[in-house]
Amino acid sequence: MNSTLVREMGWYLSVLLRMTLVLFLGLATPASADLLEEIIVTAEKREENLQDVSVSVTAFSSETLKDIGLTNTNDIGQYIPGVEVAAPSGNQQFKAFIRGSGAVDFSANTQTTIGVYVDEVYLHNSFMHTMQTFDLERIEVLRGPQGTLYGRNATGGAFNYITAKPTDTASGYVEAGFGNFGSILFETALSGPISENLSGRIAMTHNEDDGWMKGRTSAGGVIDGDLNATKFYSWRSMLEWSPSDDFRALLTLNGSQDKSDAFSYGHAGAVDPITFGGCDATLRDDCIDFFYYQDPDGQEERGDPTIGDFDMHEQVDYETVGASIRLDWQFDNFSIMSISAYNDFQRYHPGEEDGSPYEQSHNWYFHETDGWSQEVRAASNTDSDFEWLVGVYLGEDDLNAINKYSYFQFITDQVFDQEQESKAVYANLGYRVSDRVKLSFGVRYTEDKVSLSHKSDAYDPPYPIGFGYGNYPLDTGTSGENTYDDMGWKLGLDFTPEEDLLFYVSVGTGYKSGGINVGFGDPSEFNIYDEETMLAYEAGAKTRFFDGKAQLNFSAYYYDYEDLQIFDQFIGPFGSLFAIGNAPSADYHGFELEFVGKPAAELEIMFAVSRLSAEFNELDRPITGEDLTGNSNVYSPPWKFLGLIKYVTPTPSLDNGSLSASANWSWTDELYHSIDNTNAARKKQHWLLGGRIAWLSADEKTELALWGSNLTDEYFRVQSFDFSVAGWWTLVPNRPRSFGIEASYRW
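Residues numbered from 1 in each chain as written. Predicted model: local features only at pLDDT ≥ 70, side-chain atom pairs only at ≥ 80, totals over all residues. Heavy atoms only, no water.

**Quick word on the overall build of the protein**
Right, on to step 1. In terms of regular secondary structure, the protein is built from three helices and 41 strands.
Right, on to step 2. The globule rule puts the C-alpha radius of gyration for 747 residues at 27 Å, and the 26 Å found for the protein is close to it.
Right, on to step 3. Taking the principal axes of its C-alpha atoms as reference, the protein extends roughly 80 × 60 × 60 Å.
Right, on to step 4. Taken across its 747 residues, the protein has 58% of its residues classed as buried.
Right, on to step 5. Within the structure as shown, the protein displays about 29,700 Å² of accessible surface, and the carbon and sulfur contribution to it stands at 57%.
Right, on to step 6. If the 50 positive side-chain charges of the protein are averaged to one point and the 112 negative ones to another, these points end up 5 Å apart. (Helix = DSSP H or I, 4+ residues; strand = E, 2+ residues; numbered from the N terminus. Rg over C-alpha atoms; globule rule 2.2 N^0.38 Å. Buried < 20%, exposed > 50% of the residue type's maximum accessible area, 1.4 Å probe, protein only. Areas by Shrake-Rupley, 256 points an atom, 1.4 Å probe, with all protein chains shown as cover. Lys, Arg positive; Asp, Glu negative; His and termini not counted. Charge placed at Lys NZ, Arg CZ, Asp CG, Glu CD.)

**Examining the sheet that holds strand E13 (residues 213-215)**
Right, on to step 1. As summarised here, the arrangement of the three strands in space is E14-E13-E18, forming an open sheet in which the pairing is mixed. If you trace the sheet from one side to the other, it starts and ends with strand E14 (226-227) and strand E18 (307-308), each paired once.
Right, on to step 2. Relative to E18, E13 is paired through two bridges, and the arrangement is parallel. Residue pairing across strands places Lys 214 opposite Ile 307, the latter belonging to E18. (Pairing = 2+ DSSP bridges.)

**A few points about the state of the cysteines**
Right, on to step 1. Following the criterion strictly, the structure yields one disulfide and no others.
Right, on to step 2. Disulfide partner of Cys 279: Cys 287, at an S-S distance of 2.0 Å. On the S-S bond that ties Cys 279 to Cys 287, the torsion sits near -75°, and the link is left-handed.
Right, on to step 3. Residue class for Cys 287 comes out buried when judged on its relative accessible area of 0%. (Disulfide = S-S within 2.5 Å.)

**As for the side chain of Asn 49**
Right, on to step 1. By secondary structure assignment, the location of Asn 49 is in strand E2 (residues 48-49).
Right, on to step 2. Residue Asn 49 is classed as buried on the basis of its relative accessible area, which comes to 14%.

**Some thoughts on the side chain of Ser 191**
Right, on to step 1. Tracing the backbone through its elements, the reader meets Ser 191 in strand E11 (residues 183-193).
Right, on to step 2. Looking at Ser 191, its side chain comes within polar contact range of the side chain of Thr 167, at 2.8 Å.
Right, on to step 3. Contacts of Ser 191, omitting those with residues within four sequence positions, involve Lys 165, Pro 166, Thr 167, Thr 169, Ala 170, Ser 171, Gly 200 and Arg 201. (Polar contact = N/O pair within 3.5 Å; in protein donor to acceptor, adjacent residues only side chain to side chain. Contact = heavy atoms within 4.5 Å.)

**A look at the confidence of the model for the protein**
Right, on to step 1. Overall, the predicted model of the protein reaches an average pLDDT of 88, with 92% of residues at or above 70.
Right, on to step 2. A low-confidence stretch, residues 25-33 (pLDDT under 50), is modelled with nine contacts involving residues beyond four sequence positions or located in other chains. (pLDDT = per-residue confidence, 0-100.)

**Examining a negative patch on the surface**
Right, on to step 1. Taken together, Glu 38, Asp 52, Glu 498, Glu 499 and Asp 500 make up a surface patch of like negative charges.
Right, on to step 2. For Glu 38, the location among the structural elements is in the loop between helix H1 (3-26) and strand E1 (40-41). (Patch = residues over 30% accessible without salt bridge, like charges linked within 9 Å, V, L, I, M, F, W, Y side chains within 5 Å. Salt bridge = Lys/Arg side-chain N within 4 Å of Asp/Glu carboxyl O.)

**Brief notes about unusual backbone geometry**
Right, on to step 1. The phi dihedral of Tyr 635 is positive, around 50°, even though this residue is not glycine.
Right, on to step 2. The residue Tyr 635 is located in the loop between strand E32 (603-618) and strand E33 (639-651) in this model.
Right, on to step 3. Positioned with a positive phi, Asn 656 is a non-glycine residue whose angle comes to about 55°.
Right, on to step 4. Residue placement: Asn 656 occurs in the loop between E33 and strand E34 (657-668).

**Remarks on the pattern of salt bridges**
Right, on to step 1. Applying the stated criterion across every chain yields a total of 35 salt bridges.
Right, on to step 2. Two residues, Arg 201 and Asp 135, come together in a salt bridge whose shortest N-O distance is 2.8 Å. In this pair, Arg 201 is assigned in strand E12 (residues 198-208) and Asp 135 in the loop between strand E7 (121-122) and strand E8 (136-143), connecting sequence segments 66 residues apart. An identical accessibility class is assigned to Arg 201 and Asp 135; each is buried.
Right, on to step 3. What you see here is one network of salt bridges that share partners, running through Glu 120, Glu 240, Arg 248, Arg 326, Asp 328, Glu 375 and Arg 377.

**Digging into the packing of aromatic side chains**
Right, on to step 1. Applying the stated criterion across every chain yields a total of 35 aromatic pairs.
Right, on to step 2. Every member of this aromatic cluster is reached through a ring pair, and the members are Phe 291, Tyr 293, Tyr 358, Tyr 407, Phe 408, Phe 723 and Trp 728.
Right, on to step 3. Seen from the ring of Phe 134, Arg 236 lies directly overhead, with NZ or CZ sitting 4.3 Å from the centre.
Right, on to step 4. The positively charged end of Arg 746 is found above the aromatic ring belonging to Tyr 173, 4.6 Å away from the centroid. (Phe/Tyr/Trp six-rings, centres within 6.5 Å; stacked < 30°, edge-to-face > 60°. Lys NZ or Arg CZ within 6 Å of the ring centre and 35° of its normal.)

**Side note on the sheet that holds strand E17 (residues 266-269)**
Right, on to step 1. Spatially, three strands are ordered E17-E40-E39 in an open sheet, and the strand pairing comes out antiparallel. Bordering the open sheet on either side are E17 and strand E39 (717-723), each of which pairs with just one other strand. Recorded for the sheet is a direction-independent mean angle of 25° between the axes of neighbouring strands.
Right, on to step 2. Taken together, the four bridges between E17 and strand E40 (residues 728-733) define a ladder with antiparallel strand orientation. If you follow Gly 269 over to E40, its bridge partner there is Trp 728. (Axes fitted to C-alpha atoms, helices over the stretch in contact; angles between N-to-C directions.)

**A word on the environment of Ser 513**
Right, on to step 1. Following the sequence through the fold, Ser 513 ends up in the loop between strand E26 (501-512) and strand E27 (515-517).
Right, on to step 2. When the C-alpha positions of Ser 513 and Ser 107 are compared, they lie 16 Å apart, and in sequence the two are 406 residues distant.

**Observations regarding the nonpolar core**
Right, on to step 1. Leu 564 and Phe 616 are the most contacted members of the largest nonpolar core, which has 45 residues in total.
Right, on to step 2. Setting aside residues up to four positions removed in sequence, Leu 564 forms contacts with Glu 532, Gly 581, Asn 582, Ala 583, Ala 586, Tyr 588, Phe 616 and Asn 633.
Right, on to step 3. Formed by 41 residues, the second largest nonpolar core is a distinct cluster that contains Leu 70, Ile 98, Leu 123 and Phe 345. (Core = buried A, V, L, I, M, F, W, Y, C linked by side-chain atoms within 4.5 Å.)

**Let's talk about the pairing of E11**
Right, on to step 1. Bridging between strand E10 (residues 171-179) and E11 involves nine bridges; their strand directions are antiparallel. Bridge pairing links Ser 171 to Ser 191 in E11.
Right, on to step 2. Linking E10 back to E11 in an antiparallel pair, the connection comprises three residues, with Phe 181 at a positive phi of about 60°.
Right, on to step 3. When E11 meets E12, the two strands line up antiparallel, connected through ten bridges.

**Some thoughts on a nonpolar patch on the surface**
Right, on to step 1. On the surface, a nonpolar cluster with roughly 590 Å² of combined accessible area is contributed by Phe 386, Leu 429, Tyr 431, Val 433, Leu 439, Leu 493 and Val 505.
Right, on to step 2. Secondary-structure assignment places Val 433 in the loop between strand E23 (410-432) and strand E24 (437-460).
Right, on to step 3. Using a relative accessible area of 47% as the deciding quantity, one classes Val 433 as partly exposed.

Dropping the structure here:
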């Protein structure tokens, strides 16, 4: 870690401490004022207080999720330091980056660098990661490699979604709302006992809107139509059986459907209208494509991202069905837990990829994947100085895909099947040397097997559109199989000089299995890439002060990567193609600082900052061999600031209820969407501001609320794709200003 970064950390820490002193001394309240809520997490596979866990983790309770208005996983990145989220398919395909670690490719067969779990069940396909965040107890976001506990493909970190569970007494809620763009939200849950030892819970949500994009052209039936509409349905049901204090069984069934519009993208020309050379639309207003088309309302941020010219308007169909059963046994000195799970996911996605009125790039994706997993672990449950946890994990998933790509009416048909198997055994040990010092050690052996078969054919249309060659094979049949294994470990030291102060340091490894890239079916894209490994160093501190009214967490890290997996675009014989390769060496380093304070019973404040440097020490671009050493990886903003403030006041004149007002904000530094760090693939720095005003009845059953997001109507690119060889860039714009009203009743 360089000296500049150390100075930056020290400066921001000192400023924050001084601000905290001024705030709390100026708003000093009696000791009886409400303390900060204690959040219990399972980040280390045990129930522990967030402040006692020697891991960098951000956790949101159900109340905080309501304050920030989170309803979809794609929006979570703006609220967490060191985390960015991309959705390259618009509304679909959640792609997370934690401390710069992630992958933005959109192929169905590649694995993420971030593990996503719902009630400890691993979701094996990235298209399953876009979800409605309904009826949750909390969300935990773990930063840094979690290999010894979470294993499979968690080099960068993990998202844990913990759902609300069945209750012993009858309870429930119903919530409804509407907003601009014709948005409608309905959510409900019912929970309670069924018999003496059996309880249940059922929850569902429906969320839809008319879309915020307008089409100008009549082609494809989209003239003056509303585009980018969303329509989500999700449900979950649970049965919990507790015949004794020593045994519990929880059965969960869940499903979802996404019938949203296939996303309508933005379009930026990449051709100089005079010389027909390159043209950067981020700097110029006159860039065109090879059809002389230019978005008439302006280029990039200077135009209107909510209107465009399109020649295709279709809906996607994503369907998920899942089941899991968890068994818990409690013994005198240890406990045993088993989780068995199955998930099936089907995807149909037709899409216009060019965002123009001409048929330049149209794609159709069909894929189905199912997977099962089995995890069994045993853990000590006593208060002795020695604690242990051991486990075994088995998982398998199958994928079948049939895709069709139309590139200037040159057609490619692609078919591939992939099977993945993962096996792991792991152990984590902890020993308390004294009341203040604890040593921990974890180890995990993982074996991953990936096998794939692939075939693709092309169709060349008749002259003058094409050359008249008709059908011909691109890949008559290719198959590959690889096995990867890794012995990962982590060593940690905790120091607790006093009750509300924890210092920790750790060093460990991270691992992500290799795989096989298929791209768009061109044989030049087909390649086997190696596994990714890293050595991670981390140091942090967690403290509570001012009699439990303030909390400050800090973590700093340094990652030494080998064979870092990267996603890249390159120019093929028929346009832009995609590849996955390995960067031999990369260094990441940075820090996060999170503060939560309650200087008065009515006021709560959250503030966070993150710093990140993610550079390639050595990188020859996949396929082309261009030297990109020294470039930054994608989705790695150097700085990010965010915060939330909430104020609650009694309303005696309104049924003795209370009125709350909250505001959340974030500022994200500029970042790149491509490893070549070209200006045309840069996401600008931007602010996001949201807020919520709510009235709560005295019995805390009825609530009425107004909410808003992106209140300043900021525009930026969520993602950019380089089709400049064909004359344009495809852009994914963010959602514009949104607002609405909602009402809920609980019992």
